[in-house]
Structure formats: structure tokens, C-alpha cells
Amino acid sequence: MSELLEFTDLRARLNCDEVGRQMYDLAAGLFPICRSITGDGLRQTLKVIQRHIPIEIHEVPSGTIVFDWTVPNEWNIRDAWIADRSGSRIIDFRQNNLHVVNYSVPIRKRLGLEELKAHVHTMPDHPHWIPYRTSYYRENWGFCMAHAEAAQLADTEYDVCIDSTLQPGHLNYGEYFLAGDSTDEVLLSCHACHPSLANDNLSGIALMTLLAQHLQQIRRRYSYRFLFIPGTIGSITWLARNEALVDRIRAGLVVACVGDRGPFHYKKSRRGDAEIDRVATYCLTSGSKPSRILEFSPYGYDERQYCSPGFNLPVGSLTRTPHGKFPEYHSSADNLDYIQPLHLGSSFEMYLRVLGTLEANRCYVNRFPKAEPQLGKRGLYRQMGGLPDAGAREMAMLWLLNLSDGTHDLLEIAERSDVPFDTLESTAKLLVEHGLLA
Ligand code: ZN
């Protein structure tokens, strides 16, 4: 049996550039697939993830009631186009799957420009980009195209075809549970339902997949649950089917938009003061790079469901530029050029830092609380001699011994002392080895 690494070893050995490249390759492989909240594209995506980590692919029938929602019919699409009278395709789904409004019902008809335009979506502010639009819960059909091309459509007749099906089937999601020493869980969740969009979707899938791979190799204090789900309906469905185990969720992160160059953003859970909120805030703000901490709001990704009042789970969201805040969001410009291995790798590193801090954060108890214990006779002064950071190490010991009364966790000691969390973590281990902390 191979030895499990410690979390700190994993962080020390990590080659972020290499991980970033692996994440990028996974995203690039998934990019062409036309995903949706149900259907073959989502299943195919989950099967690709399954080649990397052993996720279980769940299947929930259309029509299943999940709280106030109903699992919709399954949508699949083979082809779609707008053709001129000569039969040549002006818009071709096979060229770009964003050209069709996701969940469009089947249609085949000849129509005039006026009627066609009522079903065509564009982005006038970015005339060369194709927008991404959906119509999951209202039967409709439509096309998306570059505004500049739509403006050139002649006033004539067109043939439109959407060769799709919307029929009873299933909703799928992927789940991977990685047991730790404790049954307390860390939930990691990403949506997996967007078609060819890179940052908003594929970057999150790639990060979670690589994270699961790496966390397999280490000794874990917490159990980890990874969810690859269709946005909104997927988290609602998972919550409806797993209500009994949500009390185990000690912390959670919704993963998305981690491949762009923007600064890190952490959006707090609805609670605002959950441990994950404190940990993520510390990790983002104690580094040298700019970052922003956002208060909870009931909009965004699946944190909306996890943080609904009936659950109120300690789940925040860690992204780079948040959803909707980059111009490329939900358009053909959110492509494989928009994400970079460098940024993916550094996002991965930040996730490891946050999770490593969460794993290490705990309350210790000073076993010699009456006056200071004599460090010299235990060899702790000698051990410090000559070390370049001996002063910092000594201060870390004094802070730990003073505040470790079972009510202050390492994070609070880091905040009060200005001693880096990682120094406190390694020093606490040393004091435990010497019987001074328990
Ligand atoms: Zn989106």
C-alpha cells in the first residue's frame, strides 16, 4: 500500500504549470460538445470526467418532483441551420453550437425576414460575437448569431431547421465521494451544462477533476464530495435526494470561472461568518495579489440553492472574475483563447491553499497553561538557533501557547498575531510533538 501524502506535502510538491496545462487540455477536449441541462452532451461530458476520476453518474427521470421544481424533459439536438433560398447555410449549428438557443423545440419552416428576426438573438455591443441563450422552462426556439451578420440579412425568405427532440428521458449528474478521517464533508460543486464556453463552465469542471485526482493521494481530515451537475435544476435535484446528509457539510465551494486572468473573488455564504468564509477571506487577502471579498447575494451559481434558507449551508464561491462581470461572459468569445493554463494553474493552487488551510484549522489546548512552559529545557530554543526565521518561529510558539485554550482556532491566532497561518500550522505540530499542545 502506498503511503498517503500530507496536505502540506502536496502543496509543496505541486507543479502548478503542469496542472494548469492538464486542466487546459481537459477543457479543450470537452469544448466541442454541445451540453445542456439534460441529454447526450451532458452524459458524454460526465463519461469523459469518468476517465479521470471514478464519478458515479446518476440518472433522474423527467417529471420527478424536486421541491418546487420538476425535472424537465430531456433535450437532444442533431443539427440546425438557417438557409437562404439557394439552400446554402447562413447559420450552421455544426460550425458553432451556440448558434441555437439551448433547449429549442424542433422546427422546420420557411419564413420572412421579419418573422425570422423575432427568433434571432445578437449582441449589438459586440457585433462579432455569438451570444449564448437558453430557454429551458418555456418551450421556444431561436438562433444566435453575430450582430454584424444579422444586420446584413436580405429582406427575403429563409428556411429554418432545428432538428432537436424534447422528450421524457433523464437528468444526469456526476458525483464523487472521497472519504476522509471524519464524516464531516467538504462539498465542491460545479455546473456542467454549458455548451462550447470555456471560462464559464469548462474551467470549473477541469479544476474539480484535477483537484479530485490530487486529493485522492493525500491523507484527508475531511471527506470530500464533488458534484458535476447541471446548473440550478442539478443542485436542486441533488439537495432533494440528499436532504438527510446535508448536516455533514462543514464547508463548500461552488467552482466556476477560474481560467481568466482576473483577480480572485470569494463570494461569502449566506451565513457570512462560516469557517469557509473566514478561511477563504484569509487566503485571498493575506497574499500579495489583488483580490475581492463579496458579500452573499441570492444570484449567481448553485450557491443560490445551497444557501437557500431551508438549507443555509456554509457554501461560498471562489472564482476569478465573477459570472457576468467579464464582457466575454455567455458569448462565443468565452472560448479556449480566453482561458490560459497559467491562470488555471494558479486557481488550482489557490483552491489547494484554501482547502489546506481548512484542513489544518483547529483549536489546540495548551497543556501547561499556568505561566509559560519552559521551552529551553525541551530543546525548542536550540532547535530554533540559527534558523533564518527563528524570531518568527518563537513568536508563533508564544502566540500558540497563549491563545490555545480550546476556543481560538489557528485562523484566529493568525489574524490576531500577524504570524502566517502556515507558520502557525507547522509550529503547532512541533508543540504537539513536545507534549505542549493537544
Ligand atoms: Zn453561465
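These numbers come from a predicted model, not from an experiment.

A. Spotlight on the sheet that holds strand 5 (residues 89-92). The strand order across the open sheet formed by four strands is 5-4-9-6, and the pairing between neighbours is antiparallel. Of all strands in the sheet, those with a lone pairing partner are strand 5 and strand 6 (107-112), marking the two edges. Direction aside, neighbouring strands of the sheet carry axes that sit 20° apart on average.

B. Structural detail: the UniProt feature "binding site: Zn(2+)" (unreviewed entry) in the protein. Those places that UniProt annotates as "binding site: Zn(2+)" (unreviewed entry) correspond, in this numbering, to His194, Asp200 and His330. Across 137 residues in sequence, these annotated residues keep their C-alpha atoms within 9.1 Å of one another, forming a single compact spot. Lining the largest pocket, out of the annotated residues just given, are His194, Asp200 and His330. Looking at the secondary structure, you find His194 in the loop between strand 11 (185-191) and helix 6 (198-215).

C. View of the environment of Ser203. As for its position among the elements, Ser203 is in helix 6. In this structure Ser203 comes out as buried when scored by relative accessible area, which is 0%. In sequence terms Ser203 and Leu424 are 221 residues apart; their C-alpha atoms lie 33 Å from each other. Not counting residues within four places of it along the chain, the set of residues in contact with Ser203 comprises Met23, Ala198, Ala256, Cys257, Val258, Gly259 and Leu344. Among the polar contacts listed, one links the side chain of Ser203 to the backbone nitrogen of Val258, at a separation of 3.0 Å.

D. Spatial organisation of the UniProt feature "domain: DUF2172" (unreviewed entry) in the protein. The UniProt feature table records "domain: DUF2172" (unreviewed entry) at residues 74-165. Split by type, residues 74-165 is 10% helix and 36% strand. Its first and last C-alpha atoms lie 8 Å apart.

E. The arrangement of the pairing of strand 4 (residues 74-83) in detail. Buried residues dominate strand 4, accounting for nine of its ten residues. For strand 4 and strand 5, the ladder comprises three bridges, and the chain directions are antiparallel. Directly across from Trp81, in strand 5, lies its bridge partner Asp92. Between strand 4 and the antiparallel strand that follows it, strand 5, lie five residues; Gly87 among them carries a positive phi value of about 90°.

F. Region of the structure containing the packing of helix 6 against helix 10 (residues 341-360). Helix 10 packs onto helix 6 with a crossing angle of 50° between their chain directions and a minimal axis gap of 10 Å. Classed by the angle they form, the pair helix 6 and helix 10 counts as oblique. Crossing geometry of helix 6 relative to helix 10 is assigned as right-handed. Across the interface between the two elements, Ser203, Leu207, Leu210, Leu211, His214 and Leu215 from helix 6 touch Leu344, Ser347, Phe348, Tyr351, Leu352 and Leu355 from helix 10. When grouped by side-chain class, the residues that make up the contact of helix 6 with helix 10 number nine nonpolar, three polar and no charged.

G. Just the coordination of the zinc ion, in detail. Only His194 (NE2), Asp200 (OD) and His330 (NE2) from the protein reach the zinc ion as donors, at distances of 2.0 to 2.1 Å. Sequence spacing of the donors to the zinc ion: H-x5-D-x129-H. Remark: His330 occurs in the loop between strand 16 (315-319) and helix 10 and His194 occurs in the loop between strand 11 and helix 6; sequence separation between them is 136 residues. On the basis of relative accessible area, His194 is assigned to the buried category, the value being 7%. When its relative accessible area of 18% is taken as the criterion, His330 is described as buried.

H. How the structure looks around the layout of surface pockets. The space that makes up the largest pocket amounts to roughly 590 Å³. What lines the largest pocket is a set of 24 residues, and nearest its centre among them are Thr232, Gly300, Arg304, Tyr329 and His330. Among the residues making up the lining of the largest pocket, the classes are represented as ten nonpolar, ten polar and four charged. No fewer than three residues from each of domain 1 (7-71 + 170-360) and domain 2 (77-167) sit in the lining of the largest pocket.

I. Summary view of unusual backbone geometry. Residue Cys257 is not a glycine yet carries a positive backbone phi of 50°. Within the fold, Cys257 resides in the loop between strand 13 (249-255) and strand 14 (264-267). The residue His330 is not glycine, and still its phi comes out positive at about 50°.

J. Structural detail: the packing of aromatic side chains. Taken as a whole, this structure holds ten aromatic pairs when the rule is applied. Taking 5.4 Å as the distance between ring centres and 80° as the angle between the ring planes, the aromatic pair formed by Trp69 and Tyr137 counts as edge-to-face. In this pair, Trp69 sits in strand 3 (residues 69-70) while Tyr137 sits in the loop between strand 7 (120-121) and strand 8 (143-144), placing the two residues 68 residues apart along the sequence. We classify Tyr137 as partly exposed; its relative accessible area is 43%. Measuring from ring centre to ring centre gives 6.2 Å for Trp141 and Phe143, while their planes differ by 80°; the resulting arrangement is edge-to-face. Both residues of the pair, Trp141 and Phe143, belong to the buried class. Members of the aromatic cluster, each reached through a chain of ring pairs, are Trp69, Trp75, Tyr103, Tyr136 and Tyr137. Above the face of the Phe264 ring, Arg320 is positioned so that its terminal group lies 4.5 Å from the ring centre. In this arrangement the basic side chain of Arg378 is found over the ring face of Phe368, its NZ or CZ atom lying 4.9 Å from the centre.

Rules used in this analysis
Residues numbered from 1 in each chain as written. Predicted model: local features only at pLDDT ≥ 70, side-chain atom pairs only at ≥ 80, totals over all residues. Heavy atoms only, no water. Pairing = 2+ DSSP bridges. Helix = DSSP H or I, 4+ residues; strand = E, 2+ residues; numbered from the N terminus. Axes fitted to C-alpha atoms, helices over the stretch in contact; angles between N-to-C directions. UniProt positions renumbered as here; feature names shortened; annotations may be inferred. 1 Å grid on protein atoms, 1.4 Å probe; cavity = no way out; pocket = protein on both sides within 12 Å on 5 of 7 lines; lining within 4 Å. Buried < 20%, exposed > 50% of the residue type's maximum accessible area, 1.4 Å probe, protein only. Contact = heavy atoms within 4.5 Å. Polar contact = N/O pair within 3.5 Å; in protein donor to acceptor, adjacent residues only side chain to side chain. Parallel < 35°, antiparallel > 145°, perpendicular 65-115°, else oblique. Left-handed = near helix turned anticlockwise from the far one by under 90°. Nonpolar A, V, L, I, M, F, W, Y, C, P; charged D, E, K, R; others polar. Donors = N, O, S within 2.8 Å, 3.2 Å for Na, K, Ca; no water. Points joined across faces, edges and corners; volume = space filled by probe spheres on them. Domains from an automatic or database assignment. Phe/Tyr/Trp six-rings, centres within 6.5 Å; stacked < 30°, edge-to-face > 60°. Lys NZ or Arg CZ within 6 Å of the ring centre and 35° of its normal.

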